[in-house]
Every structure is written in structure tokens, then in C-alpha cells.
Amino acid sequence: MNTPVYLTPADSLQKAFDQAAPGTVFHLAGGTYREKVIIKTPGITLMGEGRDKTKIVWDDYALKLDENGVEYNTFRTWTVAVCADHVTMRHLSIVNDALEPEKKGQEVALSVLGDDFRMEDCRLSSTQDTLFAGPLPPDLIERYEGFLADELRASGPFSQRYTRCLIEGSVDFIFGCADAVFEDCEIR
């Protein structure tokens, strides 16, 4: 059994996730973690101190240009991307705070491209396209070859369960091809 890992906003979440063994449980202290992160290790758990206390925040948006002058596109705007199976998140918020989708386009808070994903007592917040419950449909998996990393083009089927979560946005804010269950959630 893995020893729990305790993190604070002064720590790099990405570095910790990259070094994690399957089954690691991360305890995230209250505060704002301003970082874009991708989870590739299966079976990890993220535990915050409450969805109003522990926040992972970033601000990418679809019309933003990358280092090559190419627009980010919806599927690269995530604050957190889960690209592994059996990941669980509890008691935290994931926010894309780019705002102004009418000027900036889509702004994803969470992308999930893994099976048996669980989220409990969490908050997802953005404006347009807050939650991508992947996978992509087959035509987009093919279209984005060479544009999106392979793990962001993973094919399903993927099951996901969201329990007692607040998911908020303004336009088309839950999308994707997962088999997803939303239990006792507030969709705002």
C-alpha cells in the first residue's frame, strides 16, 4: 500500500502526479493550485479539504494561440485532464477562469478520458464546455491525430460517476461520449 502524499499550493501537482505509483492517495491542502495538470497514472485519488477550500485553477481557452501560432481548440483548454483509469476525486474544485467565451471560445475545466472515474462532493466551474466526459467520437479521434496527444484521443467505452457535485457553466457545458451518471448533482 502506498503512503499518502500531502500537498500544498506551494507544491507542483504535475510533478507529484508524474512521480506517483498506481494507487497513490493525494491529500491536497486548502488553497488555490494555479496549474494545468494531466493525470496519466491509474488508480490515484485526489482528496481536497472541501470544494470551497481546495481549488485547481487555470485559464486556457479555444481561441488562444499556442507557441506555433495554432489555436488551442476546445480539447486543449482543460485545467485538469484525467487520462488514466480508476481515478477518484473528492472534496475539491476544478475551475477554468478564462471567462468571456463569446470572445475566447470554449474553456474546459475537466476532461476525463479514462474508465471507472469517480468524482464526489466536487465543483466544476467554467463557462462554455465545462466538463468533457470523453471519449471523443471516432471521427474526431481520427481528425485530431497529430494535433492532440494520443492520451487525449483515447477511445472508450469509459464509465464515469459524479456524485453530489456542482457543475456550472453557461453554454453547452457538459459534453462527450462517456457512459456518465450524475447522482444528486446540481447542474447550474
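Whatever comes next refers back to the structure up there.
Residues numbered from 1 in each chain as written. Predicted model: local features only at pLDDT ≥ 70, side-chain atom pairs only at ≥ 80, totals over all residues. Heavy atoms only, no water.

Quick look at the overall build of the protein now. When helices and strands are tallied, the protein shows three helices and 18 strands. Here the C-alpha radius of gyration of the protein, 15 Å, is about what a compact globule of 188 residues would show, namely 16 Å. By principal-axis analysis of the C-alpha atoms, the protein measures approximately 40 × 35 × 30 Å. Considering the protein as a whole, with its 188 residues, one finds that 50% of them fall into the buried category. Within the protein, residue pairs in contact and separated by at least 24 positions form 57% of the contacts whose partners lie at least 6 positions apart. Working note: accessible area of the protein is about 8600 Å², and carbon and sulfur atoms make up 48% of it. (Helix = DSSP H or I, 4+ residues; strand = E, 2+ residues; numbered from the N terminus. Rg over C-alpha atoms; globule rule 2.2 N^0.38 Å. Buried < 20%, exposed > 50% of the residue type's maximum accessible area, 1.4 Å probe, protein only. Contact = heavy atoms within 4.5 Å. Areas by Shrake-Rupley, 256 points an atom, 1.4 Å probe, with all protein chains shown as cover.)

Turning to the pattern of salt bridges, a few remarks are in order. The full count for this structure, using the stated rule, is 15 salt bridges. Residue Lys103 pairs with Glu100 through a salt bridge whose shortest N-O separation is 3.3 Å. With a relative accessible area of 58%, Lys103 lands in the exposed category. As a salt-bridge pair, Asp121 and Arg164 come within 2.9 Å of each other at their nearest N and O atoms. (Salt bridge = Lys/Arg side-chain N within 4 Å of Asp/Glu carboxyl O.)

The next point concerns the sheet that holds strand β13 (residues 131-133). One open sheet holds the five strands; their spatial order is β4-β7-β10-β13-β16, and the pairing between them is parallel. The open sheet has two free edges, formed respectively by β4 (37-39) and β16 (174-175), since each of these has just one partner strand. In the sheet, strand β10 (residues 110-112) pairs with β13 via three bridges, with the strands oriented parallel. Bridge pairing links Leu110 to Leu131 in β13. (Pairing = 2+ DSSP bridges.)

A word on the environment of Asp115. Along the polypeptide, Asp115 turns up in the loop between β10 and β11 (117-120). Sequence spacing of Asp115 and Gly105 is ten residues, and the spatial spacing of their C-alpha atoms is 28 Å. In terms of polar contacts, Asp115 uses its side chain to reach the backbone amide nitrogen of Ser159, at 2.7 Å. (Polar contact = N/O pair within 3.5 Å; in protein donor to acceptor, adjacent residues only side chain to side chain.)

The next point concerns the nonpolar core. Residues Leu46, Met89, Leu110 and Met119 are the most contacted members of the largest nonpolar core, which totals 34 residues. With three residues, helix α1 (residues 13-19) is the single largest residue contributor to this core. Not counting the four nearest positions on each side in its chain, Leu110 is found in contact with Val80, Val82, Met89, Ile94, Phe117, Met119, Leu124, Thr130, Leu131 and Phe132. Counting 16 residues, the second-largest nonpolar core is a separate cluster that includes Ile38, Trp78, Ala81 and Leu113. (Core = buried A, V, L, I, M, F, W, Y, C linked by side-chain atoms within 4.5 Å.)

For the rest of this paragraph, the subject is the state of the cysteines. Taken as a whole and assessed by the stated rule, the structure comprises zero disulfides. No disulfide involves Cys83; its sulfur sits 15 Å from the nearest other cysteine sulfur, which is in Cys177. Left unpaired, Cys185 is separated from the closest cysteine sulfur, that of Cys165, by 4.7 Å. For Cys185, a relative accessible area of 22% translates into the label partly exposed. (Disulfide = S-S within 2.5 Å.)

Remember, this is a structural readout, not a statement about activity or role.
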